[in-house]
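# Per-entry structural report
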Amino acid sequence: DAGITQSPRHKVTETGTPVTLRCHQTENHRYMYWYRQDPGHGLRLIHYSYGVKDTDKGEVSDGYSVSRSKTEDFLLTLESATSSQTSVYFCATLGAPNTEAFFGQGTRLTVV
Amino acid sequence: QQQVKQSPQSLIVQKGGISIINCAYENTAFDYFPWYQQFPGKGPALLIAIRPDVSEKKEGRFTISFNKSAKQFSLHIMDSQPGDSATYFCAASQISNYQLIWGAGTKLIIKP
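Just so you know, these numbers come straight off a predicted model, no measurement behind them.

## Overview of the sheet that holds strand S8 (residues 73-78) of chain A
Residue and element names in this part refer to chain A. The strand order across the open sheet built from four strands is S1-S3-S8-S7, with neighbouring strands paired in antiparallel fashion. Each end of this open sheet is capped by a strand with a single partner; those strands are strand S1 (4-7) and strand S7 (64-70). Put simply, the sheet's adjacent strands are angled 15° from each other on average, direction ignored. In this sheet, S8 lies alongside S7 in antiparallel orientation, the contact comprising five bridges. Paired with Lys70 across the two strands is Asp73, which belongs to S8.

## Structural notes on a nonpolar patch on the surface
On the surface, Ile18, Ile20 and Met78 of chain B cluster together into a nonpolar patch covering about 240 Å² of accessible area. Looking at the element boundaries, Met78 of chain B is found in the loop between strand S8 (72-77) and strand S9 (86-92).

## Some remarks on the packing of aromatic side chains
Inspection of the entire model under this criterion finds 21 aromatic pairs over all chains. With a centroid separation of 5.7 Å and an interplanar angle of 70°, the aromatic rings of Phe103 of chain A and Trp102 of chain B are classed as edge-to-face. Linking Phe103 of chain A in strand S10 (residues 101-103) with Trp102 of chain B in strand S10 (residues 101-102), this pair reaches from one chain into another. Accessibility expressed as a relative area gives 11% for Phe103 of chain A, which makes it buried. Through a chain of ring-to-ring contacts, the aromatic side chains of Tyr31, Tyr33, Tyr35, Tyr48, Tyr50, Phe90 and Phe103 of chain A together with Tyr36, Phe89, Tyr98 and Trp102 of chain B assemble into a single cluster.

## What about the sheet that holds strand S7 (residues 62-67) of chain B?
All names here are of chain B. Taken together, the five strands give an open sheet; going across it, the order is S1-S3-S8-S7-S6, and neighbouring strands pair in antiparallel fashion. Since the sheet does not close on itself, it has two edges, and those belong to strand S1 (4-7) and strand S6 (56-59), each with one partner. Averaged over all pairs of adjacent strands, the angle between their axes in this sheet comes to 15°, without regard to strand direction. Pairing of strand S3 (residues 19-25) with S8, which is carried by six bridges, proceeds in the antiparallel orientation. Paired with Ile21 across the bridge in S8 is Leu75.

About the thresholds
- Residues numbered from 1 in each chain as written.
- Chains lettered and ligands numbered in written order.
- Predicted model: local features only at pLDDT ≥ 70, side-chain atom pairs only at ≥ 80, totals over all residues.
- Heavy atoms only, no water.
- Pairing = 2+ DSSP bridges.
- Helix = DSSP H or I, 4+ residues; strand = E, 2+ residues; numbered from the N terminus.
- Axes fitted to C-alpha atoms, helices over the stretch in contact; angles between N-to-C directions.
- Patch = residues over 30% accessible without salt bridge, like charges linked within 9 Å, V, L, I, M, F, W, Y side chains within 5 Å.
- Areas by Shrake-Rupley, 256 points an atom, 1.4 Å probe, with all protein chains shown as cover.
- Salt bridge = Lys/Arg side-chain N within 4 Å of Asp/Glu carboxyl O.
- Phe/Tyr/Trp six-rings, centres within 6.5 Å; stacked < 30°, edge-to-face > 60°.
- Buried < 20%, exposed > 50% of the residue type's maximum accessible area, 1.4 Å probe, protein only.

Here is the structure:
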């Protein structure tokens with residue numbers, strides 16, 4: 001299995017609190033992605049990174065920020081969690097364009 | 001033009017039957033078409049992929065058929081088994097871009 005670890009795996013948090021999800025990879029892949037998966041919506045891209053300190057917004061970036069200070073770590077932060085951010089979050093990595101993308105096991109986040 | 005349209009949204013097939021999932025794209029610059037399989041509680045994983053220089057690729061019971069002129073590609077699962085029950089995503093990308101464009105997913109159920 002590709003070395004992609006998401007933490008935590010499950011989290012319940014209250015509305016208005018900040019939350020940080022972590023993705024750690026041992027593949028030395030350049031590209032990293034955060035997706036959310038909701039029933040009926042497939043995989044929606046939140047933010048992505050194409051190198052250390054190089055990040056950009058995806059299609060559903062409002063309310064989320066990211067940081068990548070090291071190749072191996074990509075952090076997703078919900079500055080002030082809302083119930084609409086209840087979802088399953090997946091991190092993915094890619095070594096090069098048009099190659100296999102590897103996914104983490106996912107983080108199930110519930111905002112109450 | 002960046003969209004990948006996937007159908008059907010859900011599919012029920014009898015054990016031993018053929019499962020067929022279809023995807024269509026608009027961007028003729030796409031040159032890599034993977035299919036990912038996702039089991040409940042897991043991240044998606046690459047199942048099979050095709051490049052547009054061939055019209056078909058087969059790996060075991062899984063076959064991708066690719067029609068460049070129609071801008072369509074499909075996944076065929078022969079002799080479908082209950083263990084194939086999963087969500088399947090098609091995707092597309094191009095060598096000059098590190099973004100994967102995802103279909104909305106198909107939930108496949110194989111009835112024993």
